[in-house]
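Single-letter residue listing:
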Amino acid sequence: MSLTVTILGAAAGGGLPQWNCGCPNCQRARAGEIPPATQSSIAVTAANGQWAVVNASPDIRGQLERTPALYPSGPRRSPIGAVLVTNGDLDHVAGLLTLREKQPFRLFATPEIHAILDANPVFEALDRGLVERHAVGLDTPFDLLPGLQATLYAVPGKVPLFLEGETVATDQEGEATVGVRLAADGRVAHYVPGCARLSDRLTAELEDAHMLLFDGTLWHDNEMIAAGLGHKTGRRMGHMPITGPGGSLHAFDEIGPAKRVYVHMNNTNPILDPTSPEHAQAQAAGWTVGADGMVLTV
Ligand code: MLT
Ligand code: MN
Ligand code: ZN
């Protein structure tokens, strides 16, 4: 047995290109000069025919259609047995609405994230008679699928953008933003698409990891401000940057794991251009830059 992760969407919210964005990356993606990328999601399997989707992005319909391993094997017989969401952001939950259509699966999240879904009646489109909502506590291993264990743990983050009040704590450790430890047959991968800073907890978590898929939202903390696209830093959005003080580029050098992959990249991030010096710099530092359709086995 092995643990296989397929990147369904390597981009952050908005995707590449983003519908209303004319930044250089978005324009080049439209022109076919760099690969497009859909919004943040992975699929994971312990190689027994069943898959779990971790984060349900607004692009999930197209993501499933271009991934033959996730095709139904018969009428209403999907290999997707479970869906897990790591926070309540729209890029991670809006795709749940596409997963209606009377399909049984189990939906996992922390109690706080479930409370956000429970409070919004539009998610009742997922028939509770078929889609069991399982609230899982932090640090409590559970079977995501038979033979595939998951554990959710707090990583520094914030509440979803649509629930932000006048002031917002951007690096709270609680149930709002979690990392996921995925384990099958002694193989361990961690998926952390949003993380505001490297915490002691995350450092300790990664000790036995063979692979890490990590928050690659921005190259520079002020990248969106510099591009004239917004007034928020990466940290304000709950994402530690790749470079600059406290950046992720070398943060895991002493920690392992052997394989490190950037995911959840914003469309302004220069590493989304495979020919960019920044892409080369990330690779030289030991990172793989995630891409839609990438299959990673540990
Ligand atoms: C984020 O990752 O910062 C969020 O997806 C932002 C958003 O919800 O638009
Ligand atoms: Mn996001
Ligand atoms: Zn753009």
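This text goes with the structure placed above it.
A quick note: this is a predicted structure, and the numbers were derived from the prediction, not measured.

**Q** Could you give an account of the coordination of the zinc ion (ligand 3), naming the residues involved and the relevant values?
**A** Looking at the metal site, the zinc ion (ligand 3) is ligated by Cys21 (SG), Cys23 (SG), Cys26 (SG) and Asn267 (OD1), spaced 2.2 to 2.6 Å from it. Coordination of the zinc ion (ligand 3) draws on donor residues from a single chain, spaced C-x1-C-x2-C-x240-N in sequence.

**Q** Describe the coordination of the manganese ion (ligand 2), and please don't skip the residues or the numbers.
**A** Distances from the manganese ion (ligand 2) to its protein donors, Asp91 (OD) and His264 (NE2), fall within 2.0 to 2.2 Å. Pair noted here: Asp91 is in helix α3 (residues 90-93) and His264 is in the loop between β12 (259-263) and α7 (277-284), with a separation of 173 residues, a long-range link. Note on Asp91: relative accessible area 9%, which makes it buried. Its relative accessible area of 5% is what places His264 among the buried residues.

**Q** Tell me about the nonpolar core, and name the residues and values.
**A** Ranked by internal contacts, the top residues of the largest apolar core, which has 63 residues, are Leu144, Leu213 and Phe214. Of all the elements, strand β9 (residues 178-184) adds the most residues to this core, at 5 residues. Excluding residues within four positions of it along the chain, Phe214 makes contact with Val192, Cys195, Leu202, Met240, Ser248, Phe252, Val261, Tyr262, Val263 and Trp287. Formed by 22 residues, the second largest nonpolar core is a distinct cluster that contains Leu8, Leu64, Val83 and Phe123.

**Q** Residues and numbers for unusual backbone geometry, please.
**A** Cis geometry marks the peptide bond from Leu16 to Pro17, where omega comes out at -5°. Considering the arrangement of structural elements, one finds Pro17 in the loop between β1 (4-9) and α1 (24-30). That bond from Gly256 to Pro257 is cis: its omega, -15°, falls within 30 degrees of zero. Locating Pro257 in the fold gives a position in the loop between α6 (223-226) and β12. The phi angle at Arg76 is positive, at roughly 55°, despite the residue not being glycine. Structurally, Arg76 is set in the loop between α2 (60-65) and β4 (80-84). Its relative accessible area of 64% is what places Arg76 among the exposed residues. Look at Asp185: it is not a glycine, yet its phi comes out positive at around 55°.

Reading guide: rules and limits
Residues numbered from 1 in each chain as written. Chains lettered and ligands numbered in written order. Predicted model: local features only at pLDDT ≥ 70, side-chain atom pairs only at ≥ 80, totals over all residues. Heavy atoms only, no water. Donors = N, O, S within 2.8 Å, 3.2 Å for Na, K, Ca; no water. Helix = DSSP H or I, 4+ residues; strand = E, 2+ residues; numbered from the N terminus. Buried < 20%, exposed > 50% of the residue type's maximum accessible area, 1.4 Å probe, protein only. Core = buried A, V, L, I, M, F, W, Y, C linked by side-chain atoms within 4.5 Å. Contact = heavy atoms within 4.5 Å.

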